[in-house]
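Understanding the architecture of this molecule
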Amino acid sequence: SEVVAVLPLEVRRAAAAFPLTLYTAPECGACGAARELLRARGAPFSEVTLGTPQDIEAFKKLDLCEKVPVRSIGRQSVKELNPDEWHRALDSAGYPRSAYLPPSWRNPPPRPLVAPAAAPATPAPAGR
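Here's what I pulled together on the structure shown here. Worth saying up front: this structure is predicted, and the values here are computed from it rather than measured.

Once that is clear, we can look at helix α2 (residues 9–17). Within the span of α2, buried status applies to V11, A14 and A15. Taken down its axis, α2 places every buried residue within 95° of arc, on the same side. In this structure, α2 carries R13 and A16 as exposed residues pointing more than 90 degrees from its buried face. As for α2, its buried residues are in contact with α5 (83–93).

Okay, the packing of helix α3 (residues 29–41) against α5 next. At a minimum axis distance of 11 Å, the contact between α3 and α5 shows a crossing angle of 40°. Taken as axis vectors, α3 and α5 run oblique relative to one another. The two elements α3 and α5 meet at a crossing, and its hand is right-handed. Counting all contacts with α3, which are made through A34, L37, L38 and R41, the residues of α5 involved are P83, W86, H87, L90 and D91. For the contact of α3 with α5, the class distribution of residues is six nonpolar, one polar and two charged.

Attention shifts here to the state of the cysteines. Should the sulfur atoms of two cysteines be covalently bonded, the bond is a disulfide. Enumeration over the complete set of coordinates arrives at one disulfide. For C28, the disulfide goes to C31, at an S-S distance of 2.3 Å. Note on the C28 and C31 pair: the S-S dihedral is about 75°, so by sign convention the disulfide is right-handed. The exposure class of C28 is partly exposed, given its relative accessible area of 21%. Since its relative accessible area comes to 0%, C31 is described here as buried.

With that settled, consider unusual backbone geometry. Following V68, the chain continues into P69 via a peptide bond in cis, with omega recorded as 5°. Of note, E27 is a non-glycine position whose phi angle comes to about 55°, a positive value. Looking at where E27 falls in the secondary structure, it is placed in the loop between β1 (20–24) and α3. On the basis of relative accessibility, which here comes to 84%, the residue E27 falls in the exposed class. Residues other than glycine seldom take positive phi values, yet E80 does so here, at roughly 55°. Among the structural elements, E80 can be located in the loop between β4 (76–79) and α5. A relative accessible area of 35% means that E80 is categorised as partly exposed.

What follows is about the packing of aromatic side chains. Scanning the model with the defined rule gives one aromatic pair in all. Ring centres of Y23 and F59 lie 5.5 Å apart, and the angle between their planes is 50°; this geometry places the pair in the tilted category. In this pair, Y23 is assigned in strand β1 and F59 in helix α4 (residues 53–62), connecting sequence segments 36 residues apart. There is no split in this pair, since Y23 and F59 are both buried.

How each quantity is defined
- Residues numbered from 1 in each chain as written.
- Predicted model: local features only at pLDDT ≥ 70, side-chain atom pairs only at ≥ 80, totals over all residues.
- Heavy atoms only, no water.
- Buried < 20%, exposed > 50% of the residue type's maximum accessible area, 1.4 Å probe, protein only.
- Helix = DSSP H or I, 4+ residues; strand = E, 2+ residues; numbered from the N terminus.
- Arc of directions from axis to C-beta.
- Contact = heavy atoms within 4.5 Å.
- Axes fitted to C-alpha atoms, helices over the stretch in contact; angles between N-to-C directions.
- Parallel < 35°, antiparallel > 145°, perpendicular 65-115°, else oblique.
- Left-handed = near helix turned anticlockwise from the far one by under 90°.
- Nonpolar A, V, L, I, M, F, W, Y, C, P; charged D, E, K, R; others polar.
- Disulfide = S-S within 2.5 Å.
- Phe/Tyr/Trp six-rings, centres within 6.5 Å; stacked < 30°, edge-to-face > 60°.

Next comes the structure, spelled out in structure tokens:
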């Protein structure tokens, strides 16, 4: 995609082979620390926030872990926040140790795991 094209080659290769997803919950201190670890490392990631009962139920079905934060890297998941373990997984995936993303780089905004249900369409008033 165009967005990935602006990433440095080493980051682009790692992100293509081992995309990162961070599962978080609102008001989770460890989730904020996990987010900052990835940002400091310069590892682009998508964030999935578990903010509804539907999100939590869908997360349980993924069988990743009971608690957040959880980071998936490609098909592997790293449960809870253990900085040493997270850095080893990022090293293995080829993410650079130092952040050198373009200054304009922004990760996509967090999204729910389960898309909110669309509001039912309101029928048009009957004509007179």
